[in-house]
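For reference, the chains in residue letters:
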Amino acid sequence: MNEDSLYFHHFLKVVYSRACENRRMWIKARKLKDENILKKAFYKSRIEVSIFTIYINMKGGMVMNGDFWQSFLMISDIYTVGFLILLCIFFGIIHYLYHKRKMDFSLVVLIGMGLGCILGILMQYMAGFPNDPMQVTFIKETTNWLQLFGNGYIDLIKMIVVPLVIVSIAHVIVNMKSEQKMSRLVKKTILVTMSMVAVASIVGIAFGIFFNVGGNALTNVATEAKAKEIVSVATTLRGLIPGNLVDAMVKNNIIGMVIFGAFLGRAIWWIKADEPKVEEFMRKLVNGLHKALMNMALLILDYMPWAVIALLANTIAQKGLDSILSVVHFIFVLYLAIIAQFIIQLIALSINGINPIVYMKKSLALLILAFTSRSSVGCLPVTIETLTQKLGVNQATASFVAGFGTTAGMQGCAGIFPSLLIVYVCHLTGTVMDFSMIVMTIIVVTLGSLGIAGIPGTATMAASVGLSGVGMASSFSLIGPILAIDPLIDMARTMLNVSGSVTNALIIDKRLGNLDENIYNEINKN
């Protein structure tokens, strides 16, 4: 047994003996109901935790060997223990602020983001900012545990997406008084969504040309990347029709589930003419299921302040700085373009007589979730809840527009991103970005925002569709470095996708005359 191991085992014996002593103090205090002894035991426990943390910092290089530690528990490095303790401390801070101090939910989520940044950067710093962080033992182990809390939370949300989409659409249709309302909703949704994607494409092109994205990049930094097979829009739309409902659920074919829910709701609606009592029972059943699923979404949402710590820390810790610096100019311009598009969304709200300040305040928690989770589909229940409960959007509009916007007409992933990539590749290859190329890019990207609906790997598919559509498929390998750090740029893209769905729903509902402005302007609903 080496010297470090002897120190560690000796330290564990000391901690164990102290823990036994503290336990005896707690038992004695409970029997005597002595508050002073309780306080003494509490502070002694705090001191032991502090000593243990200091010891970890001093003995950071020690490793516990064996499959049990390295493969099963994945806690073989003492730094792993230290960062997991720090994570627990951060969780405790959030619990105290949220449940004890009763701090505002959005503010607690922001604090959680800050703590997640601190944890992720600290992990990178302790590892010496390596080129491949996942080769560092304690980063690999700690991020494995971070995924339990971060990705586990996203999985909880995804768990209710399938039933919520089907029930929400059915709920919308069975409660509609007129068939004409659904037709108007569909037409306005397509018009507004596609118009905003076209605007996003123009923004991406404009920023790419103005900042000369790719003009100074080195072509030898490109890493291997493979373009996905391009599928025609008609074939893709045909694939959205759920020939097998279970298969559509497994593949997260949201539009397919919307179609099924719409037909189910329509079928229940038709029962009214022949069997009014049966129709009433079915309508109450659908409404009850919808209410239960929305309550379930709210229960899961309550854990978001803890989840964002793990989600953000995991993203930062896993990406090395070298891979980021090689395309830092692209990242910078992309974020600027996304900010510009977000401002355009706020202007669009103002033009339609909707206060953008109220929107930002009430949507803050949702946008933070989108930023950290990088999943438009995963955010869907929270998106619908925010639209209906906080922003006063009609249930029909919220369910349909939000469901449509998760996989079609995404302003970030399928608007700005592919447009900026086309400009990037044009500059790398010396292709002239003239007026005809600009118009072709806008058309290809706008139509392509429908063509990538429901297909896994949205960013790669958007890149494939965009570059192939303008005749540059052979240059796909040049965007390898960008795809390598996709999670970092995907955060802002996803946030813009979700904000686009929310602003589209507000504009559409306002034009339909269904927006409840009393709920929208209610200060306490944030």
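Everything below is about the structure shown above.
Draft legend 1. Structural detail: the overall build of the protein. In terms of regular secondary structure, the protein is built from 24 helices and zero strands. By sequence separation, contacts in the protein at least 24 residues apart represent 80% of the contacts at least 6 residues apart. When the accessible surface of the protein is summed, it comes to about 24600 Å², and 64% of that surface belongs to carbon and sulfur atoms.

Draft legend 2. Molecular detail of the environment of Met 491. Locating Met 491 in the fold gives a position in helix 23 (residues 486-512). Met 491 sits in the buried class, given a relative accessible area of 6%. Aside from chain neighbours lying at most four places away, what touches Met 491 is Leu 312, Thr 315, Tyr 335, Ala 370, Phe 371 and Arg 374.

Draft legend 3. Representation of the environment of Phe 260. Residue position: Phe 260 is located in helix 11 (residues 254-274). When the C-alpha atoms of Phe 260 and Ala 170 are compared, they prove to be 8.6 Å apart, with 90 residues separating the residues in sequence. Residues contacting Phe 260, with those up to four places away along its chain left out, are Ile 166 and Leu 245.

Draft legend 4. Geometry of unusual backbone geometry. The phi torsion at Met 74 lies on the positive side, around 55°, for a residue other than glycine. As for its placement among the helices and strands, Met 74 is situated in the loop between helix 3 (67-73) and helix 4 (78-100). When its relative accessible area of 15% is taken as the criterion, Met 74 is described as buried. In this structure, Asn 212 takes a positive phi of about 55° despite not being glycine. Looking at where Asn 212 falls in the secondary structure, it is placed in the loop between helix 8 (179-210) and helix 9 (233-240).

Draft legend 5. Representation of the nonpolar core within the structure. Counting residues in each nonpolar core, the largest one holds 129 residues, and the members touching the most others are Tyr 153, Met 304, Phe 330, Tyr 359, Tyr 424 and Leu 506. Here this core takes 12 residues from helix 23, the largest share from any one element. Not counting residues within four places of it along the chain, the set of residues in contact with Phe 330 comprises Val 213, Phe 417, Leu 420, Leu 421, Tyr 424, Ile 482 and Ile 489. Membership of the second largest hydrophobic core comes to five residues, among which are Ile 75, Ile 78, Val 81 and Ile 85.

Draft legend 6. Representation of the packing of helix 12 (residues 276-301) against helix 17 (residues 380-390) in the model. One can describe the packing of helix 12 onto helix 17 by two numbers: an axis separation of 10 Å at closest approach and a directional angle of 105°. One finds that helix 12 runs roughly perpendicular with respect to helix 17. When helix 12 is examined against helix 17, the residues Met 294, Ala 297, Leu 298 and Leu 301 are found in contact with a partner set consisting of Pro 381, Val 382, Ile 384, Glu 385 and Thr 388. Within the contact of helix 12 with helix 17, the residues separate by chemical class into seven nonpolar, one polar and one charged.

Draft legend 7. Structural context of the side chain of Ser 201. With respect to the secondary-structure elements, Ser 201 resides in helix 8. The contacts of Ser 201, once residues within four sequence positions are left out, are Gly 415, Ser 419, Thr 441, Ile 442 and Val 445.

Draft legend 8. Looking closely at the side chain of Asp 77. Relative to the helices and strands, Asp 77 resides in the loop between helix 3 and helix 4. For the buried Asp 77, no salt bridge is present, and the opposite-charge side chain at shortest range is Lys 140, 12 Å distant.

Draft legend 9. Inspection of helix 18 (residues 395-405) at higher detail. For helix 18, the buried fraction is high: 11 of the 11 residues fall into the buried class. The backbone nitrogen of Ala 396 lies 2.8 Å from a side-chain oxygen of the residue at the head of helix 18, namely Asn 394.

Draft legend 10. View of helix 17. The buried count for helix 17 comes to 10 of 11 residues, which makes it a mostly enclosed element. Among the residues of helix 17, Leu 380, Pro 381, Val 382, Thr 383, Ile 384, Glu 385, Thr 386, Leu 387, Thr 388 and Lys 390 are the ones counted as buried. Taken from the residues just after helix 17, Gly 392 is the one with a positive phi, measuring 75°.

Draft legend 11. The packing of aromatic side chains, seen in detail. Counting across every chain of the model gives 12 aromatic pairs. An aromatic cluster is built from Phe 207, Phe 210, Phe 211 and Phe 332, whose rings are joined through pairwise contacts.

Draft legend 12. A look at the environment of Ile 351. Tracing the backbone through its elements, the reader meets Ile 351 in helix 15 (residues 328-351). The spacing of Ile 351 and Ile 507 is 156 residues in sequence and 9.4 Å in space, taken between C-alpha atoms.

Cut-offs applied
Residues numbered from 1 in each chain as written. Predicted model: local features only at pLDDT ≥ 70, side-chain atom pairs only at ≥ 80, totals over all residues. Heavy atoms only, no water. Helix = DSSP H or I, 4+ residues; strand = E, 2+ residues; numbered from the N terminus. Contact = heavy atoms within 4.5 Å. Areas by Shrake-Rupley, 256 points an atom, 1.4 Å probe, with all protein chains shown as cover. Buried < 20%, exposed > 50% of the residue type's maximum accessible area, 1.4 Å probe, protein only. Core = buried A, V, L, I, M, F, W, Y, C linked by side-chain atoms within 4.5 Å. Axes fitted to C-alpha atoms, helices over the stretch in contact; angles between N-to-C directions. Parallel < 35°, antiparallel > 145°, perpendicular 65-115°, else oblique. Nonpolar A, V, L, I, M, F, W, Y, C, P; charged D, E, K, R; others polar. Lys, Arg positive; Asp, Glu negative; His and termini not counted. Salt bridge = Lys/Arg side-chain N within 4 Å of Asp/Glu carboxyl O. Polar contact = N/O pair within 3.5 Å; in protein donor to acceptor, adjacent residues only side chain to side chain. Phe/Tyr/Trp six-rings, centres within 6.5 Å; stacked < 30°, edge-to-face > 60°.

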